[in-house]
Each structure stands twice: as structure tokens, then as C-alpha cells.
Amino acid sequence: MARGYYGFSPYVSVWEKKQKAEKQIKKLLKKGIKINPIKIQGRKIAKTFWGTAWCENLLSYSDFSNRLPRGSAYVKNGFVLDLQISNGKIDALVAGTRTTPYKVEIKIEKLSKPKWKKIKKECAGKIDSLIELLQGKLSDSVIKKIIDKKSGLFPNPKEISLKCSCPDWATMCKHVAAALYAVGARLDESPELFFLLRGLDYSELVEDIDASKVIADTVQKGKDENIGDMDIADVFGIEIDDELVVRSSKSVVKKKAAKKKVAKKKVAKKKVIKKKIVKKKVAKKKVAKKKIVKKKIVKKKKR
């Protein structure tokens, strides 16, 4: 990378960086690489409960609050060319001063089982539907539990490891900061990714959900409020994946079906074990009878 006076990188305007970012996107697409860039509309990076809570949680820690804002402009200017969220991992491509994007890798520890069990227990019966959960339409008591620093769902700095391919010596460079902010923006679109990131099944927070009832209740709510033919997303105020409700409902149904299968298998195994035990007892009795008969025959011969 070319250097200016005193070893510092030469100044590159935001416009030039945007042009570079657009060129890098075109190159990636030409190579057949599937990318999912972050596009921010307006001043706020995140607007929904899960997106905002993610950003506020990070900013609540002094380790992050001093350095995270460095990436704010990068996200807003569209420099996060790709963001992929998987189980316990965030992968991002962030445009910078060089011709190729920097690779960012962030690992998030999975929420511990004891914490998850405790949260499920304390939230039991307090969340009415999967839609309300994903939309963040929750009671104050549930929200307090979810965002609690010690016992909540959101990660703390000790549970987050950061890595970037840029030459910046800082642990959290602006590219990493941009990727972390970008997660908040992505959660606005797909809140279910938060639970994937933390290795959790969000349907476990809602008991006995019936998909048809959820949709019926939503439609009825629209009628009651004279909403007419508005989309479900309009009813709740933010954009959701159209198949999110169906996928969520299916996951609950699949989980119940899987539990039934497991229960049936256990019953079947017990029956097999019982049969084996009975067979062994019968076999032992037969052997015992044969021994008795042999003994009697031997006694008669002796006489």
C-alpha cells in the first residue's frame, strides 16, 4: 500500500472509497461469488428491537464503546460488501483503501445451556407468538431479561473474538467495527439470525404455537384496526421475510414430530429389551429343567 508523508497512508475521499467499493462488488459478482451487502437507508443503522439492542449492547461496554463508532461511517457509506451470519460466526468483506476488500472474521461463543434454560423458564408463558418474539413486541419484564448484561441473550466482549486481514494493529479496526454494526442492520431484516448466531432455537421461547392460529390472529387484528388488505409486515411495522412465519411454524411442528419419534423409539427399545429378558428367563428355565432331568436319569442308572 502506498504511503504518504511520515509513513501515513495518503488521504482518500469518501467518494473515492465508494467508487472502489462499487468496483469491488462488480469484481466479486463477476467471479461468481455470492455476496450479501449491507445497505443503510437514513441516519440510523438499526431501527428494530433486535438490531438496536445488538448495537446498544456492544456500546454498553467500555471495551467497544470507544472504538466501535469508527465503523459507523463505513456501514452508512456501503463499505460492508458482504455479511454472512452463521452458527457462532460472522464473516464479512469490507472495502478499504486497497483494491481488494478486507476479510473480517468474528467468532461469538454460544450461549451456555444453564443460561438458556433459565431464560426459557423465566420467559415461559410471557411470549404469545413467534411473530411477536421476532418483532420485539415483548413485555418490559421479558425485554429486561433478554438484554441483561450478566444473564441475558446478548454476548459480552469476553465472548467475542475479532480478526481482520488489514494491517491495522488495533484489535478492533474500523473494518471489524463496521462488520459489528452491520450485524445490527442485518437483524432488522432477519431477526432470526441473532438466535442462529448464538446457537439457539428461538421457537423454544414460545410454547404450543399453532401457525394457523398465529396468522388468523394477525388477520383479525388487521380487521379490528381497519387495516384492510395490508400485508402482515405492515401490521407489525417492519419488513420480514415472507416465509419467516411459515418457516418458524414448520420448525415447531418438526420439533414436536421429532420428539414423538424419539419417544416411540424409546418405547420400542424397552419392548425389545423386555422380550430379550423374557427369552433369557425361558432359556434358563429350559436349561435348569434339562439338568434336573439328567440328574434323575443318572440316579436311576445308579440304582
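Parameters and conventions
- Residues numbered from 1 in each chain as written.
- Predicted model: local features only at pLDDT ≥ 70, side-chain atom pairs only at ≥ 80, totals over all residues.
- Heavy atoms only, no water.
- Helix = DSSP H or I, 4+ residues; strand = E, 2+ residues; numbered from the N terminus.
- Buried < 20%, exposed > 50% of the residue type's maximum accessible area, 1.4 Å probe, protein only.
- Contact = heavy atoms within 4.5 Å.
- Areas by Shrake-Rupley, 256 points an atom, 1.4 Å probe, with all protein chains shown as cover.
- Salt bridge = Lys/Arg side-chain N within 4 Å of Asp/Glu carboxyl O.
- Expected span 1.5 Å × (residues − 1).
- Core = buried A, V, L, I, M, F, W, Y, C linked by side-chain atoms within 4.5 Å.
- Pairing = 2+ DSSP bridges.
- Axes fitted to C-alpha atoms, helices over the stretch in contact; angles between N-to-C directions.
- Phe/Tyr/Trp six-rings, centres within 6.5 Å; stacked < 30°, edge-to-face > 60°.
- Lys NZ or Arg CZ within 6 Å of the ring centre and 35° of its normal.

Draft legend 1. Broad picture of the overall build of the protein. Each helix and strand in the protein was counted, giving 12 helices and 4 strands. Across the 303 residues that make up the protein, the buried fraction comes to 38%. Sequence-distant contacts, at least 24 apart, represent 73% of the contacts inside the protein between residues at least 6 apart. Surface accessibility of the protein: about 19,900 Å² in total, with carbon and sulfur atoms responsible for 55%.

Draft legend 2. Geometry of the pattern of salt bridges. Taken as a whole and assessed by the stated rule, the structure comprises 8 salt bridges. The partner of Asp 91 in a salt bridge is Lys 89, and the shortest N-O contact between them spans 3.7 Å. On the basis of relative accessible area, Lys 89 is assigned to the partly exposed category, the value being 27%. Salt bridges sharing partners connect three or more residues here, namely Lys 89, Asp 91, Glu 105 and Lys 107.

Draft legend 3. Region of the structure containing helix 8 (residues 174-189). Given a rise of 1.5 Å per residue, 16 residues ought to cover 22 Å, and the 23 Å separating the end C-alpha atoms of helix 8 matches this to within 8%. Buried residues dominate helix 8, accounting for 14 of its 16 residues.

Draft legend 4. View of the nonpolar core. Among the nonpolar cores identified, the biggest contains 65 residues, and Trp 50, Trp 54, Leu 83, Ile 106, Leu 133, Leu 153 and Phe 195 are the most heavily contacted of them. With 10 residues, helix 8 is the largest single contributor of residues to this core. Those residues in contact with Leu 153, other than ones at most four positions away along the chain, are Trp 50, Leu 111, Trp 116, Ile 119, Ile 146, Phe 194, Phe 195, Arg 198 and Leu 200.

Draft legend 5. Here's a closer look at the sheet that holds strand 3 (residues 102-108). Sheet architecture is open: 4 strands sit in the order 1-2-3-4, paired in antiparallel fashion. Either end of the sheet is taken by a strand with one partner, and the two such strands are strand 1 (80-86) and strand 4 (160-164). Each strand of the sheet is rotated relative to its neighbour by a mean of 10°, with strand direction disregarded. Two elements, strand 2 (residues 89-94) and strand 3, share 6 bridges in a ladder whose sense is antiparallel. Counterpart to Asp 91 in the pairing with strand 3 is Glu 105. The strands touched by helix 8 are strand 1, strand 2, strand 3 and strand 4; relative to strand 1, the strand with the most contacts, the crossing angle is about 65°.

Draft legend 6. Geometry of the packing of aromatic side chains. Taken as a whole and assessed by the stated rule, the structure comprises 9 aromatic pairs. Aromatic pair Phe 49 and Trp 50: ring centres 4.9 Å apart, planes at 75°, arrangement edge-to-face. Residue classification places Trp 50 among the buried residues on the basis of a relative accessible area of 0%. Measuring from ring centre to ring centre gives 5.0 Å for Tyr 74 and Phe 79, while their planes differ by 85°; the resulting arrangement is edge-to-face. Phe 79 carries the same exposure label as Tyr 74, and that label is buried. Within the aromatic cluster, the residues linked to one another by ring pairs are Phe 49, Trp 50, Trp 54, Phe 154, Phe 194, Phe 195 and Tyr 202. Across the ring face of Tyr 61, the terminal group of Lys 149 is positioned such that the distance to the ring centre comes to 4.7 Å.

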